[in-house]
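Given next are the chains, with one letter for each unit.
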Amino acid sequence: MQFNPCVKHKLIRDSVRNFAETELAPIAAEIDRTATFPRDVMEKMRPLNYFGLQAPKEFGGAALDSVSAAIVVEELSRVCAAIGLCITVHNGVAVYPFLRFATPEQKKHYLPRLASGEFIGAFSLTEANAGSDAGSVETTAVKNNKEYILNGTKIFVTNGGVCDVALIFALTGFEPGRPQSSVFIVESGYPGFMRGELEDLCGMRANPVSSLFLEDCRVPEKNILGKVGDGMKIGLATLDNGRIGVAAQALGIAQGAFEAAVKYAKERQQFKKPIASLQTIQNYIADMATEIKAARLLLYDACARKDEGAPFGCEASMAKLYCSTVASTVTSLAVQIHGGYGYSKEYDVERYFRDAKVTEIYEGTSEVQRMVIARAVLSQLTF
Ligand SMILES: Cc1cc2nc3c(=O)[nH]c(=O)nc-3n(C[C@H](O)[C@H](O)[C@H](O)COP(=O)(O)OP(=O)(O)OC[C@H]3O[C@@H](n4cnc5c(N)ncnc54)[C@H](O)[C@@H]3O)c2cc1C
């Protein structure tokens, strides 16, 4: 594993940072306040290939390695986490399962549209009674000639308010002892597909997270992803990949808050000297820098394993668990370093603090990540 960034990774970081600081920094606080999805800025991301980070070039993607893709999400999230969320969900849990499980016809039809950003993707597993217990999905899909008829309600769908295509997990039958789910590629124009109100969230407010309603929604049989009954297999494999993206997002949030805190500590004078000269503040800054560095190494290790073709689920969970914990700790310290101003919307750290929390919750809570990691460790003699 390489510990120093190669030229390619540095160039990608510089270019995304430049885009984020030019296009996102001026609007990040306002779109958070008004919970607005900035369509015009999303349009500017399309030619930059942010919607097709790891899609092959034949489908119009950028075919990036996993560290490069993580850097893109990290840099967007460093400035505006809600937009980092849109891009990481689109790439990590909407495009990725197409790459892994779609038929050649499905790839030919959907991947160029997804990779170009013409279609925004969503991944829709969670329901009122199916959160951590993803096997408890109640949405049904009943076969009717050459179609499936879907009925149910999905909640907390990232990109839900704007998605053109959503991967919907629905029950298609029962195996002995347990329900069998399948994944459906559902376009927003299909009859019976409806969106709910946007969620009024604590953080990530510029992402249009919403419910999706399926009322006798008619989906062509050819739109099953993978095979009938593959729902759990596809869900778990997709979440392994998505967790790398959430880790990158969390790391970006931590980095943004850290830089803001260092700048503030150098500027803010108390007792006639910058607070950065106080030992306590220096201890905070040292801890933040160390945790961020450790988080970054864990994340890039998971990326490297994925690119080697090695199993990476455990490492992705470790990276997600660690990076999200670091994001919460670092953003909290960043608020602390800002004192009362950190609790005001006048400073970005207040937003970073709210955005960080959900990285410990979605795509598997921290408690679920520990279950995944412990299961992997205990199933091996050595680790
Ligand atoms: C902003 C946002 C965006 C989201 N985007 C998406 C999306 O795009 N697609 C999607 O499908 N979902 C999405 N989600 C849903 C998210 O993945 C779930 O909220 C998450 O998986 C937790 O499920 P839950 O909310 O039902 O909590 P619960 O499962 O009810 O958990 C409540 C608490 O119990 C703990 N717990 C549960 N089971 C166990 C256990 N076995 N052992 C130990 N502790 C346990 C949890 O860790 C948690 O602390 C999103 C959520 C949010 C808030």
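Details of the structure are given in the entry above.
Every value quoted in this text rests on a predicted model; they were computed, and no experiment measured them.

Participant: What's the story with the environment of Thr329 in this structure? I'm lost.
Facilitator: Within the element layout of this structure, Thr329 appears in helix 9 (residues 313-338). A residue is classified by how much of its surface remains accessible, and Thr329, at 41% relative accessible area, is partly exposed. Here the alpha-carbon distance between Thr329 and Phe353, two residues 24 residues apart in the chain, equals 8.9 Å.

Participant: I keep staring at helix 7 (residues 231-267) and nothing clicks. Help me out?
Facilitator: Residues spaced three or four apart along an α-helix face the same direction, because each turn holds 3.6 residues. Its 37 residues give helix 7 an end-to-end C-alpha distance of 53 Å, which sits within 8% of 54 Å, the value for a rise of 1.5 Å per residue. Judged by how many residues are buried, helix 7 sits mostly within the fold: 28 of 37 residues are covered.

Participant: Sorry, what's going on with the pairing of strand 2 (residues 140-144) here?
Facilitator: A regular strand carries its side chains on alternate faces of the sheet. Note: strand 2 against strand 3 (residues 147-157), 5 bridges, orientation antiparallel. When the sheet's bridge partners are listed, Ala141 is paired in strand 3 with Leu150. The hairpin formed by strand 2 and strand 3 contains 2 residues between the paired strands, and Asn145 there has a positive phi angle of roughly 55°.

Participant: Teacher, can you tell me more about the pattern of salt bridges here?
Facilitator: Side chains bearing opposite charge may pair, as long as their charged atoms lie close to each other. Enumeration over the complete set of coordinates arrives at 24 salt bridges. When the shortest N-O distance is used, the salt bridge between Arg78 and Glu259 registers 2.7 Å. Note that Arg78 is positioned in helix 4 (residues 66-79) and Glu259 in helix 7, a separation of 181 residues in sequence. Among the ionic pairs, Arg305 bridges to Glu315, the shortest N-O distance being 3.3 Å. In this pair, Arg305 sits in helix 8 (residues 279-308) while Glu315 sits in helix 9, placing the two residues 10 residues apart along the sequence. Given a relative accessible area of 26%, Arg305 falls into the partly exposed group. The class of Glu315 is buried, set by a relative accessible area of 12%. Each member of the salt-bridge network shares a partner with another, and the members are Arg13, Arg17, Glu21, Glu74, Glu75, Arg78, Glu259 and Arg296.

Participant: Please clarify how helix 9 should be interpreted in this entry.
Facilitator: In a regular helix each residue adds 1.5 Å, so 26 residues correspond to 38 Å; helix 9 covers 37 Å between its end C-alpha atoms and thus fits that length. In terms of residue burial, helix 9 counts as a mostly covered element, since 20 of its 26 residues are buried. Phi turns positive one or two residues past the end of helix 9, at Gly339, with a value near 60°.

Participant: Even after reading the chapter, I still don't get the environment of Lys263, so can you show me in this structure?
Facilitator: Within the element layout of this structure, Lys263 appears in helix 7. What makes Lys263 exposed here is its relative accessible area of 52%. Spatially, the C-alpha atom of Lys263 lies 9.1 Å from that of Ala276, the residues being 13 residues apart in sequence.

Participant: Teacher, can you tell me more about the site of the ligand here?
Facilitator: Phe123, Thr126, Ser132, Phe156 and Thr365 are the nearest of the 17 residues found near the ligand. Leu125 is positioned such that a nitrogen or oxygen atom in its backbone is 2.9 Å from an oxygen atom of the ligand. Protein burial of the ligand: of its 980 Å² of free accessible surface, 65% is covered by the chains. The residue makeup of the shell around the ligand, split by class, is 9 nonpolar, 6 polar and 2 charged. Composition of the shell around the ligand by domain shows at least three residues from each of domain 2 (122-228) and domain 3 (233-378).

What counts as what
Residues numbered from 1 in each chain as written. Predicted model: local features only at pLDDT ≥ 70, side-chain atom pairs only at ≥ 80, totals over all residues. Heavy atoms only, no water. Helix = DSSP H or I, 4+ residues; strand = E, 2+ residues; numbered from the N terminus. Buried < 20%, exposed > 50% of the residue type's maximum accessible area, 1.4 Å probe, protein only. Expected span 1.5 Å × (residues − 1). Pairing = 2+ DSSP bridges. Salt bridge = Lys/Arg side-chain N within 4 Å of Asp/Glu carboxyl O. Near = heavy atom within 4 Å. Polar contact = N/O pair within 3.5 Å; in protein donor to acceptor, adjacent residues only side chain to side chain. Areas by Shrake-Rupley, 256 points an atom, 1.4 Å probe, with all protein chains shown as cover. Nonpolar A, V, L, I, M, F, W, Y, C, P; charged D, E, K, R; others polar. Domains from an automatic or database assignment.

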